[in-house]
Amino acid sequence: AKNERRGSVCVFEPAMDLQIREKRALQRELALALQNDEFELHYQPQATTKGEIVGFEALLRWRHPVRGMVSPAAFIPLAEETGLIGAIDEWVLRSACREAASWPKPLAIAVNLSPLDFGRLDVPALILQVLLETGLDPKRLEVEITEGVLIDDFSGAIGILRRIKNCGVRVAMDDFGAGYSSLSYLQSFPFDKIKIDQAFTRKLEINPDSAAIVEAILSLAHRLNLPVIAEGVETESQLAFLASVGCGEVQGYLIGKPGPIAQYRHLTGGATPE
Ligand code: C2E
Ligand code: CA
Ligand code: CA
Ligand code: CA
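In every chain, residue numbers begin from 1 and rise along the written sequence. To read the labels, note that chains go from A and ligands from 1, taken in the order they are written. This being a predicted model, a pLDDT of at least 70 is required before a residue's local features are given, and a value of 80 or more before pairs of side-chain atoms are given or counted; all residues contribute to the totals for chains, interfaces and linings. As a convention, hydrogens and water are excluded, and side-chain values are obtained from all of the structure's heavy atoms.

Attention shifts here to the side chain of arginine 94. In this description a helix means any DSSP run of H or I spanning at least four residues, a strand means any run of E spanning at least two, and both kinds are numbered starting from the N terminus. Relative to the elements of secondary structure, arginine 94 occurs in helix α4 (residues 85-101). With a 1.4 Å probe rolled over the protein chains alone, any residue whose accessible area is under 20% of its type maximum counts as buried; one over 50% counts as exposed, and the rest are partly exposed. Residue classification places arginine 94 among the buried positions, given a relative accessible area of 17%.

Turning next to the environment of glutamate 52. As for its placement among the helices and strands, glutamate 52 is situated in the loop between β1 (39-48) and β2 (53-64). The class of glutamate 52 is exposed, set by a relative accessible area of 54%. Excluding residues that lie within four positions of it along the chain, glutamate 52 makes contacts with Gln46 and Ala47. The contact definition used throughout considers only heavy atoms, calling two residues in contact when any of these lie within 4.5 Å.

Here the focus is helix α12 (residues 236-244). The set of residues buried in α12 consists of Gln238, Leu239 and Leu242. Axial view of α12: buried residues confined to an arc of 100 degrees, hence all on one face. Structural note: α12 exposes Glu236 and Ser244 on the side pointing more than 90 degrees away from its buried face. Where α12 is buried, its residues touch α10 (198-202), α11 (208-223), β8 (228-230) and β9 (249-251). Following α12 by one or two positions, glycine 246 adopts a phi angle in the positive range, close to 85 degrees. The arc in question is traced by the directions running from the helix axis to the C-beta atoms.

Right, let's talk about the environment of leucine 226 for a bit. By secondary structure assignment, the location of leucine 226 is in the loop between α11 and β8. Through-space distance from the C-alpha of leucine 226 to that of phenylalanine 191 is 8.0 Å; in sequence the pair is 35 residues apart. When sequence neighbours within four positions are dropped, the list of residues in contact with leucine 226 reads Leu186, Phe191, Asp192, Lys193, Ile194 and Ala221.

This part takes up the packing of aromatic side chains. Whether two aromatic rings pair depends on their centres lying within 6.5 Å, for rings of Phe, Tyr and Trp, where Trp uses its six-membered ring; planes under 30 degrees apart make the pair stacked, over 60 edge-to-face, and the rest tilted. Scanning the entire structure with this criterion turns up 8 aromatic pairs. Between tyrosine 43 and tryptophan 103 the ring centres are 6.1 Å apart and the planes differ by 75 degrees, which places this aromatic pair in the edge-to-face class. Remark: tryptophan 103 occurs in the loop between α4 and β4 (108-112) and tyrosine 43 occurs in strand β1; sequence separation between them is 60 residues. By relative accessible area, which is 4% here, tyrosine 43 ends up buried. For tryptophan 103, a relative accessible area of 4% gives the class buried. Ring plane angle 65 degrees and centroid distance 5.4 Å describe the contact between phenylalanine 56 and tryptophan 103, whose orientation is recorded as edge-to-face. Here phenylalanine 56, found in strand β2, pairs with tryptophan 103, found in the loop between α4 and β4; they are 47 residues apart in sequence, far enough to count as distant.

Right, let's talk about the pairing of β2 for a bit. The buried fraction of β2 is high, at 10 of 12 residues. Following DSSP output, two strands are said to pair if at least two bridges run between them. As paired elements, β1 and β2 share 9 bridges and run antiparallel to each other. Opposite glutamine 46, over in β2, you have glycine 55 as the bridge partner. Taken together, the 3 bridges between β2 and β4 define a ladder with parallel strand orientation. Paired with glutamate 57 across the bridge in β4 is alanine 110. Pairing of β2 with strand β3 (residues 68-70) involves 3 bridges; the strand directions are antiparallel. The residue bridging histidine 64 from the neighbouring strand is glycine 68, located in β3. In this structure, the hairpin formed by β2 and β3 is closed by a connection of 3 residues.

Put simply, a residue is near a molecule or strand once any heavy atom of it comes within 4 Å of that molecule or strand. Not every one of the 23 residues close to ligand 1 is listed here, only the nearest: Arg61, Asp89, Gln198, Glu234 and Tyr253. Distance and chemistry together define a polar contact, namely a pair of N or O atoms within 3.5 Å, with one atom able to donate a hydrogen and the other to accept it when in protein, and with adjacent residues in sequence counting only for side-chain atoms on both sides. Here a nitrogen atom of ligand 1 sits 2.9 Å away from a polar atom, N or O, in the side chain of glutamine 44. Aspartate 174 is positioned such that a nitrogen or oxygen atom in its side chain is 3.1 Å from an oxygen atom of ligand 1. Taken by itself ligand 1 offers 810 Å² of open surface, and the protein chains cover 82% of this. What sets the accessible areas is the Shrake-Rupley method with a 1.4 Å probe; for residues, cover comes only from the shown protein chains.

Have a look at this one:
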């Protein structure tokens, strides 16, 4: 009888309340996901505009026992709210470096770090530890960060980026152009690469402004001697435009979708020797 009453209360529960409960449930489950081994990495190839594969980006996936695959867009923000993101990104970094170290070909591996990691972890020390542990050549590792990293503590952030670069690891600015201060950040922070946000790539054919912005980003990057990768490349005509304005590298469904590394063994140099 008690359950029945509780059930009937639920019917009238405002949608808002349900959303909050759903979110709390996901957050609780997220806390267990690491120890239950529910995370996995998918890998998406990065290529030169001429078609040579130069590396992979590691993208996190949560294989939930009941809900199925949960998108990082849904759970990364929750992990950031609860502070779990540090442990998750540490797992991603370690797993991706271990995987890449096993490839016969010395391709690059790009790993995403949350802006919040920089306040909570000693990121350069962690990177150094993982490099030692996995034996990965530092030159092969690239960390992708968004400009949010740098907002809170400007001079602190510069120091952290320098320490990462001193390990021999590259730092790429992810989602370039999507934020408010991308341009001034380029001047202040020692980035090694710019990753053009996929919003610009997507609109290349339909919005002349997008083409103009991408062209401007590339001429700026050339002046600053910064390599550029464009993300979200889905069509041959996007690729052709990017190549025509001197974009060096591309990533997107046209080259390959994110998938389990087994799917890309032919690109990493074959099966891992055991
Ligand atoms: P992001 O770093 O900007 O990653 C690019 C996203 O675009 C990925 O979504 C990728 O699957 C998707 N994508 C790649 N090529 C194409 C394309 O041609 N067309 C379209 N429409 N989409 C494409 P995903 O894997 O769902 O990841 C979403 C975001 O979650 C990432 O955006 C990143 O910000 C975050 N994320 C993923 N893995 C991690 C991680 O290990 N740590 C942290 N902190 N964040 C992560
Ligand atoms: Ca990224
Ligand atoms: Ca991005
Ligand atoms: Ca993003």
